[in-house]
There are 4 protein chains.
Amino acid sequence: MNSHSVRLRELIAEPKLAFAMEAHSAIAAKIVEMSGFDAIWASGFSISSAFGLHDRSEISFTQLTDIIETMVEASSLPVLADVDSGFGDFNNLRLLAKRLSRIGAAGACVEDKPFPKLNSFADGRQALSPVADFCGKIAAAKDALLNDDFVLVARTEALIVGAGMREALRRAESYRLAGADAILIHSKRSTASEVLAFSREWAGRCPLVIVPTTYAKTPTSLFESTGISLLIWANQMFRASVHAMLAVCRDVARNRSLKGVSHQLVSMDEIFDMLDYASLASDEKAYSGDPALSVLESG
Amino acid sequence: MNSHSVRLRELIAEPKLAFAMEAHSAIAAKIVEMSGFDAIWASGFSISSAFGLHDRSEISFTQLTDIIETMVEASSLPVLADVDSGFGDFNNLRLLAKRLSRIGAAGACVEDKPFPKLNSFADGRQALSPVADFCGKIAAAKDALLNDDFVLVARTEALIVGAGMREALRRAESYRLAGADAILIHSKRSTASEVLAFSREWAGRCPLVIVPTTYAKTPTSLFESTGISLLIWANQMFRASVHAMLAVCRDVARNRSLKGVSHQLVSMDEIFDMLDYASLASDEKAYSGDPALSVLESG
Amino acid sequence: MNSHSVRLRELIAEPKLAFAMEAHSAIAAKIVEMSGFDAIWASGFSISSAFGLHDRSEISFTQLTDIIETMVEASSLPVLADVDSGFGDFNNLRLLAKRLSRIGAAGACVEDKPFPKLNSFADGRQALSPVADFCGKIAAAKDALLNDDFVLVARTEALIVGAGMREALRRAESYRLAGADAILIHSKRSTASEVLAFSREWAGRCPLVIVPTTYAKTPTSLFESTGISLLIWANQMFRASVHAMLAVCRDVARNRSLKGVSHQLVSMDEIFDMLDYASLASDEKAYSGDPALSVLESG
Amino acid sequence: MNSHSVRLRELIAEPKLAFAMEAHSAIAAKIVEMSGFDAIWASGFSISSAFGLHDRSEISFTQLTDIIETMVEASSLPVLADVDSGFGDFNNLRLLAKRLSRIGAAGACVEDKPFPKLNSFADGRQALSPVADFCGKIAAAKDALLNDDFVLVARTEALIVGAGMREALRRAESYRLAGADAILIHSKRSTASEVLAFSREWAGRCPLVIVPTTYAKTPTSLFESTGISLLIWANQMFRASVHAMLAVCRDVARNRSLKGVSHQLVSMDEIFDMLDYASLASDEKAYSGDPALSVLESG
C-alpha cells in the first residue's frame, strides 16, 4: 500500500476540483507543498528542460525517476509522474510504472503517442498511437503494478493532433475500459471550449484531468462546476524560475553587482529554514558521539 | 586536453578580474552563458538544495557529477565544480577529480574541511582538516589527473572558522606548494576587509578566487584593482529561482488563476528558443527516413 | 511494512541457523534464490570489485543502492545490504538506511570503522570508530527508518584490528543497547575459535551473524549448535565468477576457439529460461495491439 | 581526440583479424585485457542480463553508459559499445553516441531494428527498420560526434529475420554510404556459410565484423583468410560467470560448506592483486597526512 496513491485516488474521486502544480526538482516540490496545493505534477517537459534536453524523449527513464524520487522524499504531497508515452511499448511502460510505485510516486500519466514523443506545443510531427497498442500498454501497466492503489492516468492527444472530438471520446472510452483510472484530455486551444465540450459528453464516466496551459485565462470556477476532477498547472514553476534567473543573471552580468537584484533573492537563512537546518543542528548534538549513548564506555 | 580547462586556466591567469555565476542545472548553466559570464560555478550548496538535501555532504558524488555533466553539455563555458571537502580522503578526491575531468568539467574547488562538511554559513560544527592531510589530497588529485590542464582550486575556510589571517595565509601557501592552481579565500564578514587584507599579503603568489556572499555590497571595482583573479557569485541563480517559485506558487494557489503571475513566466516559445527546438525540427526533416539517404532502396 | 524485512527478522529470530550467500548483481541474486538460500548478502566488496573499485569506500552510495535495487527486483529473498561504515556519519547512514528501506532492501549491516574504510583483509590502516560515535549512528538510523521492520545489523571489527575479545563484547553490548537488531562479529582467524568464544560470552543477548571467509573450513554444524543466527558466505559468488572468467577468457584468447570452454558456458537458452523470456513472449501476444483491447475500435 | 577510438580504427583497418571479447562489468573488462584480447565488446545482452533484465531494450541508456564508463576506467583496451537499436530514433542515437564518446568508449554498434528490440536469438517478433530511417540514424550520429575518430559500426539483422543475402548486402551498402565505419553481419546459422558468402560479395568495401555465437565451431583461421576485420565473442564471459555461480552456489547450498568449491574460487589476494591494492597501500603512505607535504606546518 502506498499512502500517496490512496491520497491521489481520493483527490480525483472527490466531487470538488483538486489542484496540482508542476515541479521539476525537490525544492520545487517542497514549495508546491508549502503553498497549499493538493498534488505535484512531475513534468516531463520541465525536468527535461532543466537537464537542457528537448521534451522529445531525450531523457532516460532512470534519469526521470531519479529526480522524481527526490521529489517524493522532499514533500508529503502525492506526486503524479508525467511519463510521456511510456518510454517504449507495453513492456517499458509496466517496468517504469513498477519503479515509480516502488519509489513512492502516487501515479503516472501516459499519453497516446509513439516513442519518441514530441512536446504537444512544439512544431513538428505529432502522431497518435494505434488505440489497441495504447490499450495494451494500459492493461500491461495495471496488471504489473505491485501497488493496487497506484493511479494510472491515460492522456489522449487526439485534440492536439486535430483528430477531432469524436476520436478523443472514442479513445478515452477505450482507455477507461482498458483500466485507466482517469483521463487527461489535452487541448491547445486558447479557450476551454474543447475540454468543456469533452467533459459534457464524457458525463463522469471516470475522473477527468485538464492542463490549462493555452487556455489559462479561463476562470477556474468554470471547471469546478463541470465535473473536472483535477486541474494541473503543468509548467509554471519552471517558467517562473527561468524568468527570474534570466532577469537576475543579466542584471548581475551587466552591473557587476547584486545591488539591483537583492530583493529578488531569498536569503540563505530562508533556504536553511525551508530545509530545516535547525533539526540538523539538534540531531548533530543528539547523535554525534554523545558518550551517554555508550553506556559501557568505561567498562 | 580539455579546452574548458585551458580556458579556465587563461581566465585566472589574466590580469583582469573574471566573473563566474552559480548554476545548479543545465538550464541555469545555459542562462549563465547567455548572460555573458566567463565561467560557471557548479555549486554544491545549490545542487544539494535543489535535491532537497542539506549542504552537508548528503548528496552522493555521482549524483553531483551527473548533474554537472548536464551543465557541461548545455553550455560552452568552463564549469568549475564545487566538490566540498572532496567526499572523503585523498583517494576519494582523486577519483572524483578524474571523473570530473573525463566529463569535461574545467576544474574543481576543494575546501579544507573534514568529510562530511557543513555549509559555511549554517549553524553547527565547523572544523578544519589538518594541513598535511589536505596537502596530501591536493597532491594526490594533481598526480592522478589525466588532463594536465584541469584546474584545482584549494579553498581555505580558516577565516570562516575563526582561525585567523596568519593561519589562512599559512594554509594557502602550503596548498600552493602542494600543487593547487589557485586559492579560494572564503570569508563571512559583511565587508571585504578580510579578503582584501589576505590579497595584499598574498601578493600574487598564485591566482586568488573570492565568493562575495556576505560582503556583496562591496563594489566590484575594488576587487579589480587588488589582484583578485576570479569572483564567484556562488548561489544567486538558485536564490532567484526559489524566490520566484515561492511568489508564483503562492499567488496561483491563493487565486486559483495565472492572471496575477503571467508576466513573471517566460513563454513556452522562449524555452523552445533557448533549447533550439528549431534545429530539432530541421534535423527531423534531414534524418528521418529521407529516402535519399538510402541510395539503393530500389536496388 | 516491508515483507522482506519481516522475513529477515524471522530468519534471525528463529533458533536454527540461516544461510545467506553473497550477490553482486541481479543475476547473482537470482542464482542465490534458485539455489535455496535464505537470504542475499549484497556485498560491498563484491559490488565495488565488479565496478573495478577498491573496497575502500570508493563506490558512491547511490551506485551501491542502484545495484541493490536491481537485486531486490530480481529475487524474492530478503536482501541484507552491506553498507561498510555508512558512507559518512550518523546523518549519512540514516539517509542511506531510509533509501535502502524505500527500495525494498530487508536490512543493512554497518561496521564500526571510520569513513573511508578499507577491506578487513587488505593490508593497510584498520581503525575503529569511537564507540559513542558508532552508537549515535545506530540510534540515528533506527530513529529515521520509515519501516519499523528494517533490520539494522551492527558489525564490530574489534577482533579484526586486534582490540581483543573484551573490547568486542563491550562494543557489541553498546551497539545492542543503542538499537542494533543483531551483531555481526567479524574475525580473520583461520579457525572459528574467536567467534565461538564470542558467542559463548554473548549468550544470546541478540542474534549473532558470522562471515566465515578465513575460517571456512570449520564445519557448519558447529555453528548450528552454538547460537549463531545467520551465516554469510560473503564473497564466493564473485570469486567463482572471476575464477571462471579468467579461465575461459585465457583459454579462448590462447586457442582462438570456444572448443575448450564450451562445457563451462551456460547456453543462451538457459539464460532465457532464468529470466523467463517465455512469459515475455506470451505477454507480447497479450498486450501488443490486440484489437480486442480496443472495444470501440470500429466505433 | 580519443585514443581508444584511434586504436579501434586501426584494429579494423589492419589486414589481420582482430579479436574482441564480451564484458559486462569493469572486472570482466579487466580480465579481457589481462587475457590478451584486442578489444572489449560491451554487450547489451550481458549487461541487461546482469541487471536481471530482458535483452529487449529494458535497460535505460544511462544505466548502460554508467556501466560502460566503469569498463573504460578499468581497462586500457578500446571498448565497443553495443547500443542495440539506438534507444529510439536518430536523435536518441546521436545523443547516446556523443555520451559514449565523452566517457571514452571507442565506438558503438547499432542494429537495424526498431525500438524496443528483442535479442536476435530469442523467440518473438523480429523486424527490420526501414533502410532510410536507419541511414538517417547513422548520418545523424556521425554528424553529431565531437570525436571524429569514434567508430560507428552498423549491424544488419537482415539474415536474422530471414530477409535474405541480397537484402543484407543492399542494407550494408546503404549503411556504408550513410557513413558507417564498419558493417557487422549477423547470422544465427550453425555454420559460417552465410557470413562467408556475405564477405565474398562484400569484397572489402569497408571492414566487416562478425559474432560467431551459433557458428562457434567454425575454425577461426577460416575467418582470417576471408577479409573479416573483427571477430567478437559476444557473451562468453557472462555465460561462464553464470555457469560457475550456478555450480558453486548449488554446491554450497547443498553441502553447507565451501569444501567442494574452494578450487573454483580465486582467493581474496588474487582480487587484491588484480585491482592493485598494493599501490593503494603505498599511496596511503604518500598522501595521508605526511607532514613533509606541509612545509610550513610549524610556521
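Residues numbered from 1 in each chain as written. Chains lettered and ligands numbered in written order. Predicted model: local features only at pLDDT ≥ 70, side-chain atom pairs only at ≥ 80, totals over all residues. Heavy atoms only, no water.

1. Some points on the overall build of chain A
Stage number 1. Across its full length, chain A holds twelve helices and eight strands.
Stage number 2. Projected onto its principal axes, the C-alpha positions of chain A cover 75 × 60 × 35 Å.
Stage number 3. Sorting the 299 residues of chain A into buried and exposed places 67% on the buried side.
Stage number 4. Considering only contacts within chain A whose residues lie at least 6 apart along the sequence, 71% involve residues at least 24 apart.
Stage number 5. A total accessible area of about 9,600 Å² is found for chain A, and carbon and sulfur atoms account for 51% of it. (Helix = DSSP H or I, 4+ residues; strand = E, 2+ residues; numbered from the N terminus. Buried < 20%, exposed > 50% of the residue type's maximum accessible area, 1.4 Å probe, protein only. Contact = heavy atoms within 4.5 Å. Areas by Shrake-Rupley, 256 points an atom, 1.4 Å probe, with all protein chains shown as cover.)

2. Observations concerning the pattern of salt bridges
Two side chains with opposite charge may pair up if their charged atoms get near one another.
Stage number 1. Within this structure, the stated rule accounts for 96 salt bridges over all chains.
Stage number 2. Linked by salt bridges that have partners in common, D55, D84, E111, K113, K117, R155 and E157 of chain A make up one network. (Salt bridge = Lys/Arg side-chain N within 4 Å of Asp/Glu carboxyl O.)

3. Focus on the sheet that holds strand β3 (residues 79–82) of chain A
Residue and element names in this part refer to chain A.
Stage number 1. What the eight strands build is a closed barrel, ordered β1-β2-β3-β4-β5-β6-β7-β8; its pairing is parallel. Direction aside, neighbouring strands of the sheet carry axes that sit 25° apart on average.
Stage number 2. The pairing of strand β2 (residues 39–42) with β3 spans three bridges and is classified as parallel. Across the sheet, residue A42 finds its bridge partner in β3, namely A81.
Stage number 3. Contacts from helix α2 (residues 26–35) reach β1 (18–23) and β2 within the one sheet, and its direction differs from that of β1 by about 155°. (Pairing = 2+ DSSP bridges. Axes fitted to C-alpha atoms, helices over the stretch in contact; angles between N-to-C directions.)

4. So, the relation of the copies chain D and chain C
Stage number 1. For the match of chain D to chain C, the screw axis carries a shift of 0.0 Å, the RMSD comes to 0.0 Å, and the turn is 180°. On this basis, the relationship between the two copies can be described by a two-fold rotation axis. It is S241 of chain D whose C-alpha, among those of chain D, lies nearest the rotation axis, at 2.2 Å.
Stage number 2. Comparing interface residues between copies, 100% of those in chain D also lie at the interface in chain C; the contact surface is shared. (Least-squares fit on C-alpha atoms with pLDDT ≥ 70 in both.)

5. Concerning the pairing of strand β5 (residues 151–156) of chain C
Residues and elements named next belong to chain C.
Stage number 1. In terms of burial, β5 is a largely internal element, six of the six residues being buried.
Stage number 2. Residues V151, V153 and R155 point to one face of β5 and L152, A154 and T156 to the other, with burial holding for every one of them.
Stage number 3. The pairing of β5 with strand β6 (residues 182–185) spans four bridges and is parallel. Its bridge partner lying in β6, R155 is registered against L184.

6. Some remarks on unusual backbone geometry
Stage number 1. Geometrically, the link from F115 of chain A to P116 of chain A is a cis peptide bond, its omega value of -10° lying close to zero.
Stage number 2. By the element assignment, P116 of chain A lies in the loop between β4 (107–111) and α6 (131–144).
Stage number 3. Look at D276 of chain A: it is not a glycine, yet its phi comes out positive at around 55°.
Stage number 4. Counting through the fold element by element, D276 of chain A comes out in the loop between α11 (268–274) and α12 (277–287).
Stage number 5. Positioned with a positive phi, A203 of chain C is a non-glycine residue whose angle comes to about 55°.
Stage number 6. Of note, A203 of chain C is situated in the loop between α8 (193–202) and β7 (208–210).

7. Topic: the interface of chain B and chain C
Stage number 1. Listed per partner, the contact involves 18 residues of chain B and 18 residues of chain C.
Stage number 2. Buried surface at the junction of chain B and chain C, summed over both partners, amounts to about 1,300 Å²; 49% is from carbon and sulfur atoms.
Stage number 3. Counting across the interface, chain B meets chain C through two salt bridges.
Stage number 4. Taken together, the links from chain B to chain C amount to nine residue pairs in polar contact (both at pLDDT 80 or more).
Stage number 5. Mapped by element, the contributors of at least two residues to the side of chain B that touches chain C are α4 (61–74) and α5 (90–102) of chain B.
Stage number 6. At five residues, the largest contribution of residues to the side of chain B that touches chain C is made by α5 of chain B.
Stage number 7. Classifying every residue of the side of chain B that touches chain C by side-chain character gives seven nonpolar, seven polar and four charged. (Buried area = accessible area lost by both parts, 1.4 Å probe. Polar contact = N/O pair within 3.5 Å; in protein donor to acceptor, adjacent residues only side chain to side chain. Nonpolar A, V, L, I, M, F, W, Y, C, P; charged D, E, K, R; others polar.)

8. Regarding the sheet that holds strand β2 (residues 39–42) of chain D
In sheet architecture, strand pairing relies on hydrogen bonds along the backbone and comes in two forms, parallel and antiparallel.
All names here are of chain D.
Stage number 1. Read around the closed barrel, eight strands run β1-β2-β3-β4-β5-β6-β7-β8, paired in parallel fashion. Pairs of neighbouring strands in the sheet enclose a mean axial angle of 25°, with direction left out of account.
Stage number 2. With respect to the sheet, helix α4 (residues 61–74) is in contact with β1 (18–23), β2 and β3 (79–82), its orientation differing from that of β3 by roughly 165°.
Stage number 3. Of the strands in this sheet, β4 (107–111) and β5 (151–156) touch helix α6 (residues 131–144), which is tilted by about 170° from β5.

9. Overview of the pairing of strand β5 (residues 151–156) of chain A
Residues and elements named next belong to chain A.
Stage number 1. As judged from the five bridges shared by β4 and β5, these two strands associate in the parallel manner. Residue V110 lies in a different strand from β5, and its bridge partner there is A154.
Stage number 2. Assessed by its sense of winding, the connection that carries the chain from β5 through helix α7 (residues 165–178) to strand β6 (residues 182–185) is right-handed. (Right-handed = clockwise from strand over helix to strand, strands pointing away.)

10. Some thoughts on the relation of the copies chain B and chain C
Stage number 1. Between the two copies, chain B and chain C, the superposition gives an RMSD of 0.0 Å; the rotation angle is 180° and the shift along the axis is 0.0 Å.
Stage number 2. Both copies share a contact surface, since 100% of the interface residues of chain B are interface residues in chain C too.

11. Remarks on the packing of helix α4 (residues 61–74) of chain A against α4 of chain D
Stage number 1. Where α4 of chain A contacts α4 of chain D, the axes come no closer than 6 Å and their chain directions differ by 100°. Viewed along their axes, α4 of chain A and α4 of chain D adopt a mutual orientation that is roughly perpendicular. Contacts from F61, T62 and Q63 of chain A of α4 of chain A reach α4 of chain D at F61, T62 and Q63 of chain D. (Parallel < 35°, antiparallel > 145°, perpendicular 65-115°, else oblique.)

12. Thoughts on the side chain of H54 of chain A
Stage number 1. With respect to the helices and strands, H54 of chain A occurs in the loop between α3 (44–50) and α4.
Stage number 2. Owing to a relative accessible area of 13%, H54 of chain A belongs among the buried residues under this scheme.
Stage number 3. Here the side chain of H54 of chain A touches L275 of chain B through a polar contact of 2.7 Å, landing on its backbone oxygen.
Stage number 4. If we skip the residues at most four places from it in the chain, H54 of chain A touches S48 of chain A together with L275, D276, Y277 and L280 of chain B.

13. Comments concerning a negative patch on the surface
Stage number 1. There is a patch of like negative charges on the surface, built from D123 of chain A together with D269, E270, D273 and D276 of chain B.
Stage number 2. With respect to the secondary-structure elements, D269 of chain B resides in helix α11 (residues 268–274). (Patch = residues over 30% accessible without salt bridge, like charges linked within 9 Å, V, L, I, M, F, W, Y side chains within 5 Å. Lys, Arg positive; Asp, Glu negative; His and termini not counted. Charge placed at Lys NZ, Arg CZ, Asp CG, Glu CD.)

14. Digging into the interface of chain D and chain C
Stage number 1. Listed per partner, the contact involves 72 residues of chain D and 72 residues of chain C.
Stage number 2. Across the chain D to chain C interface the summed buried area is about 6,300 Å²; carbon plus sulfur atoms make up 73%.
Stage number 3. Of all residues in chain D, M245, R256 and M268 of chain D bury the most surface against chain C, accounting for 11% of the area lost on that side.
Stage number 4. Applying the counting criterion to the chain D and chain C interface returns four salt bridges.
Stage number 5. Note that E224 of chain C and R256 of chain D form a salt bridge whose closest N and O atoms lie 3.9 Å from each other.
Stage number 6. Viewed at the interface, chain C and chain D are joined by 18 residue pairs in polar contact (both at pLDDT 80 or more).
Stage number 7. Secondary structure elements with two or more residues in the side of chain D that touches chain C: β1, α2 (26–34), α3 (44–50), α4, α9 (220–224), α10 (236–255), α11 (268–274) and α12 (277–287) of chain D.
Stage number 8. Top contributing element to the side of chain D that touches chain C by residue count: α10 of chain D, with 16 residues.

15. Section: α4 of chain A
Residues and elements named next belong to chain A.
Stage number 1. Taking 1.5 Å of rise per residue, 14 residues should cover 20 Å, and α4 covers 20 Å from first to last C-alpha, within 8% of that figure.
Stage number 2. Most of α4 is tucked away: twelve of the 14 residues are buried.
Stage number 3. By the burial criterion, the buried members of α4 are F61, T62, Q63, L64, T65, I67, I68, E69, T70, M71, V72 and A74. (Expected span 1.5 Å × (residues − 1).)

16. Let's talk about the packing of aromatic side chains
Stage number 1. The tally for this structure, following the rule as stated, stands at 46 aromatic pairs over all chains.
Stage number 2. Seen from their ring centres, F198 of chain A and W202 of chain A are 5.7 Å apart, and the 15° between their planes marks the pair as stacked. Residue F198 of chain A and its partner W202 of chain A are located together in helix α8 (residues 193–202), separated by four residues, close to a single helical turn.
Stage number 3. W202 of chain A sits in the buried class, given a relative accessible area of 1%.
Stage number 4. Each residue in the set F61, F87 and F115 of chain A together with F61, F87 and F115 of chain D is aromatic and connected to the rest through ring pairs, giving one cluster. (Phe/Tyr/Trp six-rings, centres within 6.5 Å; stacked < 30°, edge-to-face > 60°.)

17. Here we look at the side chain of K137 of chain D
Stage number 1. Relative to the assigned elements, K137 of chain D resides in helix α6.
Stage number 2. Comment: no salt bridge for buried K137 of chain D; closest opposite-charge side chain is D89 of chain D, at 7.3 Å.
Stage number 3. A polar contact is formed between the side chain of K137 of chain D and the backbone oxygen of G88 of chain D, at a distance of 2.9 Å.
Stage number 4. Once residues lying within four places of it in the same chain are set aside, the contact partners of K137 of chain D are Y287 of chain B together with S85, G88, D89, F90, L93 and K113 of chain D.

18. Section: the state of the cysteines
Stage number 1. Per the stated rule, a full pass over the model turns up zero disulfides over all chains.
Stage number 2. Residue C109 of chain C stays outside any disulfide, its sulfur separated by 12 Å from that of C206 of chain C, the closest cysteine. (Disulfide = S-S within 2.5 Å.)

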